[in-house]
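Structure assessment
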Amino acid sequence: MEYKDIIAERVEGWLEITINRPEKLNSLRDTTAEEIMAAMSEAESDRDVRAVILKGNDKAFCTGIDTSEFTIAPNEYFDFYRKRKRTRKVNVLFREVSAFTKPVITAVEGFALGGGLELALVGDIIIAGANAKFGLPEIRLGMMPGGGGTQTLTRRIGPSLTKELIWTGRRFTPEEAKEYRLVNHVVPAGEALTKARDIARTIAGNAPLPVMMTKSVIDHGMDMSLADGMTAEADVSFMLYFSDDRNEGLTAFKEKRPPSFKGE
């Protein structure tokens, strides 16, 4: 498929999606969102793709929504409101990425601001280069995060710190992000993709069914009681007893050889 705003490349056992709008600091428009969703939809049904890496360039991962793409006529404000859940693809993107069943790793170099940070937050793992710059500056423009930031950030770092970061709109460093447990790793500038690939490579070598199922119970368990979460875990863990990959894993362990998992 030909893309205008992204580059999608298969690398070993994963897919790498590069936001490719350098002249706009990789800001998002509906075309960008549609293309990311199309690439991820194709990866979702491909057994050979075990993870997705999202990235930008050395200057910016993503600087949020390209506001120049959205003009609203005085008599169209309520029509714009109606579009927020389905028609406006940028809004749909954040829900679609969070619902993806395979691991999503974000490699951040440079700016990850506003909707760019929110896009990283709906993934699973964030790797930051030492030159990364994070922030949710919307409040300084008379707006607020609209890509899930009030919810995803709170679930990662708690309400008090989330309020401070949103209400001040200040930028924060990779080291602060690591302290807040917002990013998994901080690496030298230019090496975020290398670290993301190392993690993707390890994931790709493991059995894809338990990766998918643990992602589901971890994400959904955040909104459950402990008892309900334990029940959900037990249900899906017992399902794996019927998988061919479980038998392959146990056999390979006994035979002291690398397993060959097929996602079956």
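Whatever comes next refers back to the structure up there.
Before going into details, it helps to say that this report is about the structure given with it. Here the structure is a predicted model, which means the values were calculated and not measured. (Residues numbered from 1 in each chain as written. Predicted model: local features only at pLDDT ≥ 70, side-chain atom pairs only at ≥ 80, totals over all residues. Heavy atoms only, no water.)

**Comments concerning the packing of helix H1 (residues 30-44) against helix H3 (residues 89-99)**
Taken N-terminus to C-terminus, the directions of H1 and H3 make an angle of 30°; their axes are 8 Å apart at the nearest point. Our classification of the angle between H1 and H3 gives roughly parallel. Where H1 crosses over H3, the two elements pack in a sense that is left-handed. Residues Asp 30, Ala 33, Glu 34, Ile 36, Met 37 and Met 40 of H1 touch H3, and the partners they reach there are Lys 89, Val 90, Val 92, Leu 93, Glu 96 and Val 97. (Axes fitted to C-alpha atoms, helices over the stretch in contact; angles between N-to-C directions. Helix = DSSP H or I, 4+ residues; strand = E, 2+ residues; numbered from the N terminus. Parallel < 35°, antiparallel > 145°, perpendicular 65-115°, else oblique. Left-handed = near helix turned anticlockwise from the far one by under 90°. Contact = heavy atoms within 4.5 Å.)

**Some details on the sheet that holds strand S3 (residues 52-55)**
Spatially, 6 strands are ordered S1-S2-S3-S5-S7-S10 in an open sheet, and the strand pairing comes out mixed. The sheet is open, and its two edges are formed by strand S1 (6-11) and strand S10 (185-187), each paired on a single side. When the angles between neighbouring strand axes are averaged without regard to direction, this sheet yields 20°. Two elements, S1 and strand S2 (residues 14-19), share 6 bridges in a ladder whose sense is antiparallel. Each residue of the ladder has a partner; that of Ile 7, found in S2, is Thr 18. (Pairing = 2+ DSSP bridges.)

**Some words on the environment of Asp 30**
With respect to the helices, strands and loops of the structure, Asp 30 is situated in helix H1. Asp 30 sits 60 residues away from Val 90 along the chain, and the two C-alpha atoms are 5.3 Å apart. Apart from the residues lying within four places of it in its own chain, the contact partners of Asp 30 are Phe 70, Thr 87, Arg 88, Lys 89 and Val 90.

**Observations concerning a nonpolar patch on the surface**
On the surface, Phe 238, Tyr 241 and Phe 242 cluster together to form a nonpolar patch covering roughly 420 Å² of accessible area. Within the secondary structure layout, Phe 238 lies in helix H10 (residues 226-239). In this structure Phe 238 comes out as exposed when scored by relative accessible area, which is 53%. (Patch = residues over 30% accessible without salt bridge, like charges linked within 9 Å, V, L, I, M, F, W, Y side chains within 5 Å. Areas by Shrake-Rupley, 256 points an atom, 1.4 Å probe, with all protein chains shown as cover. Salt bridge = Lys/Arg side-chain N within 4 Å of Asp/Glu carboxyl O. Buried < 20%, exposed > 50% of the residue type's maximum accessible area, 1.4 Å probe, protein only.)

**What to know about the pattern of salt bridges**
Per the counting criterion, the structure on display carries 14 salt bridges. With a shortest N-O distance of 3.7 Å, Asp 5 and Arg 21 are connected by a salt bridge. Of the two residues, Asp 5 is situated in the segment before S1 and Arg 21 in the loop between S2 and H1; the sequence distance between them amounts to 16 residues. Judged by relative accessible area, which is 2%, Asp 5 ranks as buried.

**Details of the packing of aromatic side chains**
In the structure shown here, the tally under the stated rule is 3 aromatic pairs. An angle of 55° between the planes, with centres 5.9 Å apart, marks the rings of Phe 172 and Tyr 180 as tilted. You'll find Phe 172 and Tyr 180 in the same group, each marked buried. Put simply, the rings of Phe 134, Phe 172 and Tyr 180 pair up and form one aromatic cluster. For Lys 133, the ring lying beneath its charged end belongs to Phe 111, and the centroid distance is 5.4 Å. (Phe/Tyr/Trp six-rings, centres within 6.5 Å; stacked < 30°, edge-to-face > 60°. Lys NZ or Arg CZ within 6 Å of the ring centre and 35° of its normal.)

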